[in-house]
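The lines below spell out each chain.
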Amino acid sequence: AQKITQTQPGMFVQEKEAVTLDCTYDTSDQSYGLFWYKQPSSGEMIFLIYQGSYDEQNATEGRYSLNFQKARKSANLVISASQLGDSAMYFCAMREGKYSGTSYGKLTFGQGTILTVHP
Amino acid sequence: DVKVTQSSRYLVKRTGEKVFLECVQDMDHENMFWYRQDPGLGLRLIYFSYDVKMKEKGDIPEGYSVSREKKERFSLILESASTNQTSMYLCASSLLGDLTDTQYFGPGTRLTVL
């Protein structure tokens with residue numbers, strides 16, 4: 001079963017508007033972390049925002065915020081005031097709390113959502 | 001700033017060739033990772049390393065091996081390249097490996113196997 005699901009292959013938004021990118025996850029762990037990355041056409045993955053499963057507040061980083069709904073197992077990324085430079089692929093990822101060898105569990109990524117910002 | 005570099009942005013190889021993909025990080029990170037990225041599948045972990053000379057298999061290690069002789073360098077080796085290994089390969093590094101640990105990525109190598 002998919003651990004991370006991004007159901008929107010592509011999204012379009014008008015410049016200056018807000019957009020929400022969906023992410024649902026599946027884990028039986030109580031302790032886990034959720035990440036969002038941006039991948040522009042250049043290819044490099046850029047870390048945007050992190051949310052821990054025990055964090056009571058939704059994470060925010062500038063124009064990025066994470067709408068964390070633990071009971072629904074969703075961690076949607078909200079981008080406010082979209083800019084043309086926000087056009088990119090966006091990935092949601094999860095790290096579960098159990099150990100693997102001598103380090104915590106690996107990152108599991110969703111399939112990604114391509115965001116296009118129109119002028 | 002964390003800097004992760006990969007030896008090539010684009011690479012074309014022939015079936016059966018031995019292929020080396022090199023990754024170097026300059027932030028003294030303990031952990032390093034190799035992923036492949038394919039459309040509709042996201043990123044999938046091939047191998048990771050949490051210390052020099054230490055490695056662990058990821059989700060799709062078949063057909064790949066790795067080497068970490070120095071802390072800053074992590075190499076991915078395709079012993080005998082096949083066309084189904086045509087993909088984008090991304091290297092990443094992270095400091096601690098704890099729950100909050102952020103992975104920092106290189107620019108990627110787009111490998112084509114003919």
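Only a predicted model underlies this, so the values are computations on that prediction, with no experimental measurement involved. (Residues numbered from 1 in each chain as written. Chains lettered and ligands numbered in written order. Predicted model: local features only at pLDDT ≥ 70, side-chain atom pairs only at ≥ 80, totals over all residues. Heavy atoms only, no water.)

Caption draft 1: Region of interest: the overall build of chain B. Each helix and strand in chain B was counted, giving zero helices and 11 strands. The globule rule puts the C-alpha radius of gyration for 114 residues at 13 Å, and the 13 Å found for chain B is close to it. When its C-alpha atoms are laid out on the principal axes, chain B stretches across 40 × 30 × 25 Å. Burial analysis of chain B (114 residues in total) assigns 53% to the buried set. (Helix = DSSP H or I, 4+ residues; strand = E, 2+ residues; numbered from the N terminus. Rg over C-alpha atoms; globule rule 2.2 N^0.38 Å. Buried < 20%, exposed > 50% of the residue type's maximum accessible area, 1.4 Å probe, protein only.)

Caption draft 2: Looking closely at the overall build of chain A. A tally of regular secondary structure across chain A gives zero helices and 14 strands. When the helices and strands of chain A are listed from N to C terminus, the series reads β-β-β-β-β-β-β-β-β-β-β-β-β-β. Taken against the 2.2 N^0.38 rule, which gives 14 Å for 119 residues, the C-alpha radius of gyration of chain A at 14 Å falls within 12% of a compact globule. When its C-alpha atoms are laid out on the principal axes, chain A stretches across 45 × 30 × 25 Å. Burial status across chain A gives 48% buried among its 119 residues. Summed over its atoms, the accessible surface of chain A is roughly 5,700 Å², and 50% of this surface lies on carbon and sulfur atoms. (Areas by Shrake-Rupley, 256 points an atom, 1.4 Å probe, with all protein chains shown as cover.)

Caption draft 3: Layout of the pairing of strand E8 (residues 73-78) of chain B. Residues and elements named next belong to chain B. The buried count for E8 comes to five of six residues, which makes it a mostly enclosed element. Across six bridges, strand E3 (residues 19-25) lies against E8 in antiparallel orientation. Along E8, the bridge assignment pairs Phe20 with Ile77. The pairing of strand E7 (residues 64-70) with E8 spans five bridges and is antiparallel. Residue Lys70 lies in a different strand from E8, and its bridge partner there is Arg73. What sits between the antiparallel neighbours E7 and E8 is a turn of two residues. (Pairing = 2+ DSSP bridges.)

Caption draft 4: Focus on the environment of Phe68 of chain A. All names here are of chain A. Among the secondary structure elements, Phe68 is positioned in strand E8 (residues 64-69). Its relative accessible area of 11% is what places Phe68 among the buried residues. Once the C-alpha coordinates of Phe68 and Gln57 are considered, the two residues, 11 residues apart in sequence, prove to be 8.5 Å apart. If we skip the residues at most four places from it in the chain, Phe68 touches Tyr25, Tyr32, Leu34, Gln51, Gly52, Ser53, Asp55, Asn58 and Ser74. (Contact = heavy atoms within 4.5 Å.)

Caption draft 5: Molecular detail of the interface of chain B and chain A. Contact residues are listed per partner, giving 25 residues for chain B and 26 residues for chain A. Of the roughly 2,000 Å² buried between chain B and chain A on both sides combined, carbon and sulfur atoms contribute 56%. Together, Leu43, Leu99 and Phe105 of chain B form the three largest contributors to the area buried by chain B at its contact with chain A, with a combined 29%. Between the two partners, chain B and chain A, sit four residue pairs in polar contact (both at pLDDT 80 or more). Elements represented by at least two residues in the side of chain B that touches chain A include exactly strand E4 (31-38), strand E5 (42-51) and strand E9 (87-94) of chain B. Looking at which element gives the most residues to the side of chain B that touches chain A, the answer is E5 of chain B, with five residues. The residue makeup of the side of chain B that touches chain A, split by class, is 11 nonpolar, nine polar and five charged. (Buried area = accessible area lost by both parts, 1.4 Å probe. Polar contact = N/O pair within 3.5 Å; in protein donor to acceptor, adjacent residues only side chain to side chain. Nonpolar A, V, L, I, M, F, W, Y, C, P; charged D, E, K, R; others polar.)

Caption draft 6: Quick peek at the state of the cysteines. This structure, assessed with the given rule, holds two disulfides over all chains. Shown here is the disulfide that connects Cys23 of chain A with Cys92 of chain A, its sulfur atoms set 2.0 Å apart. One quick way to see it: the torsion about the S-S bond of Cys23 of chain A and Cys92 of chain A is about -65°, and its sign makes the bridge left-handed. With a gap of 69 residues between them, Cys23 of chain A in the loop between strand E3 (19-21) and strand E4 (24-25) and Cys92 of chain A in strand E10 (residues 88-96) connect regions that are remote in the sequence. For Cys23 of chain A, a relative accessible area of 0% gives the class buried. With a sulfur-sulfur separation of 1.8 Å, Cys23 of chain B is cross-linked through a disulfide to Cys91 of chain B. (Disulfide = S-S within 2.5 Å.)

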